[in-house]
Amino acid sequence: MPDDIDPQDLELARDLLSAADAVLVLTGAGISADSGLATFRGADGLWRNHRAQELATPEAFARDSRLVWEWYGMRRERAASCEPNDAHLALARLAAERDGVTIVTQNVDGLHSRAAERVAADRAGTVTEGPEREPALPLELHGCLFRVRCTRCDERYEHRQPIDASSAASLPSCRSCSSLLRPDIVWFGEPLGEAIEVAFKEAQQAEVCLVVGTSAVVQPAASIATVVDRAGGSVIEVNPEPTPLTPLAVVSLRGGAAEVVPSLVS
Ligand code: BV8
Ligand code: ZN
């Protein structure tokens, strides 16, 4: 445990989490940093080269879909080569073992889903008592690198083949109407769809909001914690750095997710 984490803070956070009937977990790129994936605003971040912030927009895709697909193809390969870390797995176990735990992620790397599937497989082999539960899959507010959406017929489906962005003609095309596919990802300036409505509804009921690894810059995702706070819930933050949510937090644990989260929820 990082030495600048006060054991009393850890105890308080653990008590709040174990006493809560409804827990909403909100994660950002920081939870995947311990899996080796670059964050957006960190030192080696994806947004560092200014280009990246421009690429995650519908305008960029309309202007140069080949370039945008090249970037997403690279990120898809990188995410596929990483493994869920102890923080993803601890949260997946928490959601599998208890009712009332909702995981909401801003991440598009698919690591929470892979953690949920791994935990479900482990439990299928061992757990005998209690109802068989579907893997507690996360709410993916900003979509997923491994899903595509047709730019014409809007069909959405899982798509894991390598992207050939060598020319406009080799870009992925829809299995139904052969039109150009886009990543099924929410770009800047695009609405989040019903996932954010579900998240806000859960936030109204949550007694605890565990915020892990987000700079709380992007809206409307960051407001989820504010909704919990306004509705009388407690915000717990896990982040090596302070963020705009720190003033709301009843406790901020200044450490990395893979180190702190397992001891919070085990
Ligand atoms: C919308 C998919 C309207 C793309 C993403 C001015 C002010 C406020 C808001 C706006 C504004 N101008 C525009 C807006 C709105 C805009 C926005 O919020 N902009 C920001 C930049 C200011 N939002 C939108 O455009 C949204 N849409 O508003 O639509 C609308 C409504 C109706 C009809 C039409 C339109 C859409 C936002 C979604 C954008 N898409 N992702 C892709 O990934 O390629 S957002 C992108 O940023 C990622 O999803 C990422 O998750 C997200 C947030 O970043 P973080 O996850 O927080 O990552 P970051 O690097 O910033 O922070 C990492 C943190 O981890 C740090 O704090 C670090 O300390 C910590 N950390 C590091 N290591 C660790 C760690 N923590 C724990 N453990 C560690 N080991
Ligand atoms: Zn189509």
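Note that the coordinates shown come from a computational prediction; the quantities given were computed from them, not determined experimentally.

1. A look at the pattern of salt bridges
A complete count under the given rule lists 12 salt bridges for this structure. As a salt-bridge pair, Arg-156 and Asp-154 come within 3.6 Å of each other at their nearest N and O atoms. The exposure class of Arg-156 is partly exposed, given its relative accessible area of 44%. Within the structure, one salt-bridge network assembled from shared partners comprises Glu-140, Arg-147, Arg-149, Asp-154, Arg-156 and Asp-184.

2. Structural notes on the coordination of the zinc ion (ligand 2)
Ligation of the zinc ion (ligand 2) by protein atoms is provided by Cys-150 (SG), Cys-153 (SG), Cys-174 (SG) and Cys-177 (SG), these donors lying 2.2 to 2.4 Å from the ion. Taken together, the four donor atoms coordinating the zinc ion (ligand 2) and their angles of 96 to 123° define a geometry best described as tetrahedral. Taken in chain order, the donor set of the zinc ion (ligand 2) reads C-x2-C-x20-C-x2-C. Remark: Cys-177 occurs in the loop between strand S5 (156-158) and strand S6 (181-185) and Cys-150 occurs in strand S4 (residues 143-150); sequence separation between them is 27 residues.

3. With respect to the domain arrangement of the protein
As assigned here, the protein comprises domain 1 (1-37 + 84-142 + 192-266) and domain 2 (39-81 + 144-185). Look at where the C-alpha atoms of domain 1 and domain 2 centre, and you get two points 27 Å apart. Taken together, the 14 residues of domain 1 in the interface contact 13 residues of domain 2. Summed over both sides, the interface between domain 1 and domain 2 buries roughly 970 Å², with carbon and sulfur atoms accounting for 60% of that surface. Of all residues in domain 1, Leu-37, Val-108 and Glu-140 bury the most surface against domain 2, accounting for 44% of the area lost on that side.

4. Topic: the packing of aromatic side chains
On inspection of all chains with the given rule, the structure shows three aromatic pairs. An angle of 45° between the planes, with centres 6.1 Å apart, marks the rings of Tyr-72 and Trp-187 as tilted. Of this pair, Tyr-72 sits in helix H5 (residues 65-80) while Trp-187 sits in the loop between S6 and helix H8 (194-205); the two residues are 115 residues apart in sequence, bridging distant segments of the chain. Classification of Tyr-72 as buried rests on a relative accessible area of 3%. Put simply, the rings of Phe-61, Trp-71, Tyr-72 and Trp-187 pair up and form one aromatic cluster. In this structure, Arg-160 is placed above the aromatic ring of Phe-146, and the distance from its NZ or CZ to the ring centre is 4.5 Å. In this arrangement the basic side chain of Arg-182 is found over the ring face of Trp-187, its NZ or CZ atom lying 3.9 Å from the centre.

5. Description of the packing of helix H1 (residues 7-19) against helix H10 (residues 257-265)
Packing of H1 against H10 leaves a shortest axis separation of 8 Å and a crossing angle of 50°. The pairing of H1 with H10 is recorded here as oblique in orientation. In the packing of H1 onto H10, the handedness of the crossing is right-handed. Contacts between H1 and H10 involve Leu-10, Ala-13, Arg-14 and Leu-17 on the former and, on the latter, Ser-263, Leu-264 and Val-265. Broken down by class, the residue content of the contact of H1 with H10 amounts to five nonpolar, one polar and one charged.

6. Comments concerning the packing of H8 against helix H9 (residues 223-230)
The relative placement of two packed helices comes down to the angle between their axes together with the axis-to-axis distance. Two elements in contact, H8 and H9, have axes separated by 8 Å at closest approach and are oriented at 25°. In terms of axis orientation, H8 runs roughly parallel to H9. The hand of the H8/H9 crossing is right-handed. On H9, the residues that touch Ile-196, Ala-199, Phe-200, Ala-203 and Gln-204 of H8 are Ser-223, Ile-224, Val-227 and Val-228. Here the contact of H8 with H9 is composed, by residue class, of seven nonpolar, two polar and no charged.

7. Focus on the site of ligand 1
If you check the shell around ligand 1, you find 36 residues, and the closest are Arg-41, Tyr-72, Arg-75, Thr-214 and Ser-215. Contacts to ligand 1 include Arg-75, whose side-chain N or O atom sits 2.6 Å from an oxygen atom. At a separation of 2.7 Å, an oxygen atom of ligand 1 approaches a polar side-chain atom of Asn-239. Counting residues per element, the ones that place at least two in the shell around ligand 1 are helix H2 (30-33) and H5. Broken down by element, the shell around ligand 1 gets its largest block of residues, three residues, from H5. Taken together, the residues of the shell around ligand 1 break down into 17 nonpolar, 14 polar and five charged. Both of domain 1 (1-37 + 84-142 + 192-266) and domain 2 (39-81 + 144-185) provide at least three residues apiece to the shell around ligand 1.

Parameters and conventions
- Residues numbered from 1 in each chain as written.
- Chains lettered and ligands numbered in written order.
- Predicted model: local features only at pLDDT ≥ 70, side-chain atom pairs only at ≥ 80, totals over all residues.
- Heavy atoms only, no water.
- Salt bridge = Lys/Arg side-chain N within 4 Å of Asp/Glu carboxyl O.
- Buried < 20%, exposed > 50% of the residue type's maximum accessible area, 1.4 Å probe, protein only.
- Donors = N, O, S within 2.8 Å, 3.2 Å for Na, K, Ca; no water.
- Tetrahedral: all angles 85-135°; square planar, octahedral: opposite > 155°, others 65-115°.
- Helix = DSSP H or I, 4+ residues; strand = E, 2+ residues; numbered from the N terminus.
- Domains from an automatic or database assignment.
- Contact = heavy atoms within 4.5 Å.
- Buried area = accessible area lost by both parts, 1.4 Å probe.
- Phe/Tyr/Trp six-rings, centres within 6.5 Å; stacked < 30°, edge-to-face > 60°.
- Lys NZ or Arg CZ within 6 Å of the ring centre and 35° of its normal.
- Axes fitted to C-alpha atoms, helices over the stretch in contact; angles between N-to-C directions.
- Parallel < 35°, antiparallel > 145°, perpendicular 65-115°, else oblique.
- Left-handed = near helix turned anticlockwise from the far one by under 90°.
- Nonpolar A, V, L, I, M, F, W, Y, C, P; charged D, E, K, R; others polar.
- Near = heavy atom within 4 Å.
- Polar contact = N/O pair within 3.5 Å; in protein donor to acceptor, adjacent residues only side chain to side chain.

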